[in-house]
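Fold and contact review
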Amino acid sequence: MTRVRIASCLALLVASLACSSLNYPDTPDAPGAPDGSQAAPSAPVLLGLDFGIPESDIDASEEEIAQEWDDLTRRARADHQQGQFDAARDGLEKASIQLSMRAPSNAQRRTVFGMRARLAMDFAALGQDQTAEDLADQLFEEVEQEPQLGGPAIVELAYLFSQRRAATALEAGLPESQLPLFRIALISSESAAASQDRLSLAFEISNVASAEGDHGLARRAIDRAVLDAQTIAPSDKSQIASLKILKARIAIAQGDLATAVATATSANRIFAAIDAPSPQRAIAEATVARALAEAGEIERARAIAMGAQARIGGDPPLAEHSARLVLAELARLELAAGDPVAARSQFQAALDIPGIDSADDVELVARLTEELAALRPTPPAGTPVGAPAGNPAGMAVEVETSDRE
């Protein structure tokens, strides 16, 4: 009986508490009902309890929750395989933003960067030129700020767009240098292992940079080419020596005469050790002679130059382009020795050799023509038009030596 009473009391107590919690306090200012009874009070307002975001915002918030970069990358890869290139681009961009706080050498960040570079090439292949250009420029800007992001994909992208833009500019008759993108390609390639592809790229960049007067980039590229040649093909002594000859010429243009002499001498010794053909020997000897003359060792320079000169008419004689190269270096030797008359004679002899159907030879002829023209003495004031200029004693001769091969 006691247990029944206790249970009943508990039930009544719970019911009483529940009812009392629903009783609203009387409000003195509340108006009464028309019949005089007390009107029901308004429902209480819950303030400051922070019950969460409004229901209308729940779906939008869930959609905006950031996905992890790996999920975004997987989805982008699937979109790419299905031909959804715009979706792939957007996903990879989001992934790259999530990874942006990591170091540029981070493997995941570099992987996503490479995927974006290949996507830019896909847009170009699809003919979506503006999309490709915009994405490529964005990637070029990022890798310029953080070179360690670069890899094979950005090397390929930079080279592709350097060719595309140069061709477009040529058609429009506008100047366009490939060097900005070539620089990106070279720097981005340096984190990879030595390869024939990189050697070829470095060699091409060095030639273009030398022609445009960017000797710093030319030197960096030729240094890379020499190192790669020594790594991947150490037995190909002829290739190594030929690259060193080019390095010596660039060093001369930079004014780094100690490197020029040492490098040219090394190349000459390699050619001698492998008993290289006469054209290679002659060009190497002429380059050593010029480097020595630039360094002030005129007597040694002339002694070596005699051997190079003799090879021009040897048995067999040098071919046209090789002979022109040798005479060009000997002309520059005379300039370094302070003998412009002898230099003009050598330049003229080089230009008297019949031209050949070769882009390299055509370019060399044009360059030598400019160098010879720069050596023409300026007529004194008052000289009649058409009168021979001559070279009166004491007359200054303008010498231009900045455009060196």
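What counts as what
- Residues numbered from 1 in each chain as written.
- Predicted model: local features only at pLDDT ≥ 70, side-chain atom pairs only at ≥ 80, totals over all residues.
- Heavy atoms only, no water.
- pLDDT = per-residue confidence, 0-100.
- Contact = heavy atoms within 4.5 Å.
- Helix = DSSP H or I, 4+ residues; strand = E, 2+ residues; numbered from the N terminus.
- Axes fitted to C-alpha atoms, helices over the stretch in contact; angles between N-to-C directions.
- Parallel < 35°, antiparallel > 145°, perpendicular 65-115°, else oblique.
- Left-handed = near helix turned anticlockwise from the far one by under 90°.
- Nonpolar A, V, L, I, M, F, W, Y, C, P; charged D, E, K, R; others polar.
- Core = buried A, V, L, I, M, F, W, Y, C linked by side-chain atoms within 4.5 Å.
- Buried < 20%, exposed > 50% of the residue type's maximum accessible area, 1.4 Å probe, protein only.
- Expected span 1.5 Å × (residues − 1).
- Salt bridge = Lys/Arg side-chain N within 4 Å of Asp/Glu carboxyl O.
- Phe/Tyr/Trp six-rings, centres within 6.5 Å; stacked < 30°, edge-to-face > 60°.
- Lys NZ or Arg CZ within 6 Å of the ring centre and 35° of its normal.

Mean pLDDT over the protein: 82, with 76% of residues reaching 70 or higher. Overall, residues 1-65 carries pLDDT values under 50, and its contacts beyond four positions in sequence, including any with other chains, amount to eleven contacts.

The omega angle of the peptide bond from Asp315 to Pro316 is 0°, so this bond is cis rather than trans. Position of Pro316 relative to the elements: it lies in the loop between helix H14 (298-312) and helix H15 (320-336). Non-glycine residue Asp275 carries a positive phi angle of around 55°. By the element assignment, Asp275 lies in the loop between helix H12 (257-273) and helix H13 (278-294).

We now examine the environment of Ser358. Tracing the sequence through the fold places Ser358 in the loop between helix H16 (340-352) and helix H17 (359-375). Residues Ser358 and His321, 37 residues apart in the sequence, show an inter-C-alpha distance of 8.9 Å.

A separate point is the packing of H14 against H15. Put simply, H14 and H15 touch, their axes get as near as 10 Å, and they point 160° apart. Taken together, the axes of H14 and H15 lie roughly antiparallel to each other. Judged by the twist between their axes, the crossing of H14 over H15 is left-handed. Taking contact as the criterion, the partners of Ile298, Ala301, Arg302, Ala305, Ala308, Gln309 and Ile312 in H14 are, on H15, Ala323, Val326, Leu327, Leu330, Leu333, Glu334 and Ala336. The residue inventory of the contact of H14 with H15, partitioned by class, reads eleven nonpolar, one polar and two charged.

A general trend in soluble globular proteins is that nonpolar side chains are found buried together. Leu139, Phe140, Ile154, Leu157, Phe161 and Val326 are the most contacted members of the largest nonpolar core, which totals 94 residues. Discounting residues that sit within four places of it in the chain, Phe140 has contacts with Ile154, Leu157, Ala158, Phe161, Arg165, Leu181 and Ile184.

A separate point is the environment of Leu335. Along the polypeptide, Leu335 turns up in helix H15. Looking at Leu335, the relative accessible area reads 16%, which means it is buried. Expressed as a C-alpha distance, the spacing of Leu335 and Ala293, which sit 42 residues apart in the sequence, is 8.8 Å.

The next thing to look at is helix H11 (residues 237-254). Between its first and last C-alpha, H11 extends 26 Å over 18 residues, near the 26 Å set by a 1.5 Å rise per residue. Every buried residue of H11 is listed here: Ile240, Ala241, Leu243, Lys244, Ile245, Lys247, Ala248, Arg249, Ile250, Ala251 and Ile252. Elements in contact with the buried residues of H11: helix H9 (196-211), helix H10 (215-232), H12, H13 and H15. Positive backbone phi, approximately 85°, marks Gly255, located one or two places after H11.

Taken as a whole, this structure holds 26 salt bridges when the rule is applied. Between Lys247 and Asp223 there is a salt bridge, with its nearest N and O atoms 3.1 Å apart. Here the residue Lys247 occupies a position in helix H11, and Asp223 occupies one in helix H10, the gap between them amounting to 24 residues. Asp223 gets classed as partly exposed once you look at its relative accessible area, which sits at 25%. Of the charged contacts, one joins Glu329 and Arg249 as a salt bridge, the two residues approaching to 4.0 Å between their closest N and O atoms. Of this pair, Glu329 sits in helix H15 while Arg249 sits in helix H11; the two residues are 80 residues apart in sequence, bridging distant segments of the chain.

Summed over the entire model, instances satisfying the criterion amount to three aromatic pairs. Here the aromatic rings of Phe85 and Phe123 are separated by 6.2 Å at their centres, their planes lie at 65°, and the arrangement is edge-to-face. A residue pair is termed long-range when its members are at least 10 positions apart, and Phe85 in helix H4 (residues 85-99) and Phe123 in helix H5 (residues 107-125) qualify at 38 residues. Measuring from centroid to centroid gives 6.3 Å for Phe140 and Phe161, while their planes differ by 80°, and the two rings are edge-to-face. Here the residue Phe140 occupies a position in helix H6 (residues 129-145), and Phe161 occupies one in helix H7 (residues 152-172), the gap between them amounting to 21 residues. Directly above the aromatic system of Phe161 lies the positively charged group of Arg164, at a separation of 5.1 Å from the ring centroid.

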